[in-house]
Amino acid sequence: VQLQASGGGVVQAGGSLRLSCVASGTFSSINSIGWYRQAPGKQQRELVAIFGSSGNPAYPPSMKGRFTISRDSAKNTVFLQMNNLRPDDTAVYYCRAETSQRAAPYWGQGTKVTVSS
């Protein structure tokens, strides 16, 4: 599985962006797919939104309300709609997938989002 993320950019606080992640390969083997982000100076990536094994979207409490994950299965694409962006949303956003093919997850290359105040 290969993941190609796009859609990042520079936006003013309060603005919106929509990120896309195109998955290529054996899409039917994907058990979960979601978005993570890594803020500048932070070593860990945090979960933003995910389609888990149930197929339903799920969000950490801190991400509910402003972020919406969706997908177009016909195009093997997952989206992240981000609204009312804040400067602390500035990060590199990564697409991540878990498959039945291997234990380690697949990561996309990341797309950078910068929110200016």
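Notes on the structure in this doc start here. These figures come from a predicted structure and were not determined experimentally. (Residues numbered from 1 in each chain as written. Predicted model: local features only at pLDDT ≥ 70, side-chain atom pairs only at ≥ 80, totals over all residues. Heavy atoms only, no water.)

1. Some details on the pairing of strand β9 (residues 91–99)
One face of the sheet, then the other: side chains in a regular strand alternate in exactly this way. Burial within β9 is extensive, with 7 of its 9 residues counted as buried. In terms of strand pairing, strand β4 (residues 30–38) meets β9 through 8 bridges, oriented antiparallel. From the neighbouring strand, S32 faces β9, where its bridge partner is E98. Relative to strand β10 (residues 106–107), β9 is paired through 2 bridges, and the arrangement is antiparallel. (Buried < 20%, exposed > 50% of the residue type's maximum accessible area, 1.4 Å probe, protein only. Helix = DSSP H or I, 4+ residues; strand = E, 2+ residues; numbered from the N terminus. Pairing = 2+ DSSP bridges.)

2. A closer look at the packing of aromatic side chains
Overall, the coordinates contain 2 aromatic pairs when judged by the stated rule. Seen from their ring centres, Y36 and W107 are 5.3 Å apart, and the 70° between their planes marks the pair as edge-to-face. Within this pair, whereas Y36 is found in strand β4, its partner W107 is found in strand β10, the two being separated by 71 residues in sequence. Accessibility expressed as a relative area gives 35% for W107, which makes it partly exposed. Members of the aromatic cluster, each reached through a chain of ring pairs, are Y36, Y94 and W107. Over the ring of F51 we find R71; its NZ or CZ atom is 4.1 Å from the centre of that ring. Over the ring of Y106 we find R102; its NZ or CZ atom is 3.7 Å from the centre of that ring. (Phe/Tyr/Trp six-rings, centres within 6.5 Å; stacked < 30°, edge-to-face > 60°. Lys NZ or Arg CZ within 6 Å of the ring centre and 35° of its normal.)

3. Side note on the pattern of salt bridges
In this structure the tally under the stated criterion is 5 salt bridges. A salt bridge links R37 to E46; its shortest N-O distance comes to 2.7 Å. The salt bridge involving R66 is made with D89; its shortest N-O contact spans 2.7 Å. Here the residue R66 occupies a position in the loop between β6 (57–58) and β7 (67–72), and D89 occupies one in the loop between β8 (77–82) and β9, the gap between them amounting to 23 residues. Of the two residues examined, R66 and D89, each falls in the buried class. What you see here is one network of salt bridges that share partners, running through R37, E46, R66 and D89. (Salt bridge = Lys/Arg side-chain N within 4 Å of Asp/Glu carboxyl O.)

4. What about the nonpolar core?
Among the nonpolar cores identified, the biggest contains 28 residues, and L3, I33, W35, V48, L80, M82 and Y93 are the most heavily contacted of them. Every element with two or more residues in this core is listed here: β1 (2–6), β3 (17–24), β4, β5 (46–51), β7, β8, β9 and β11 (111–116). (Core = buried A, V, L, I, M, F, W, Y, C linked by side-chain atoms within 4.5 Å.)

5. Quick word on the environment of T99
Inspection of the secondary structure assignment puts T99 in strand β9. Of the residues examined, T99 reaches a relative accessible area of 6% and is grouped as buried. As a C-alpha pair, T99 and S29 span 70 residues in sequence and 5.3 Å in three-dimensional space. Setting aside its immediate chain neighbours within four residues, T99 contacts V1, S29, I30, N31 and Y106. Polar contacts involving the side chain of T99 include one to the main-chain amide nitrogen of Q101, which spans 3.1 Å. (Contact = heavy atoms within 4.5 Å. Polar contact = N/O pair within 3.5 Å; in protein donor to acceptor, adjacent residues only side chain to side chain.)

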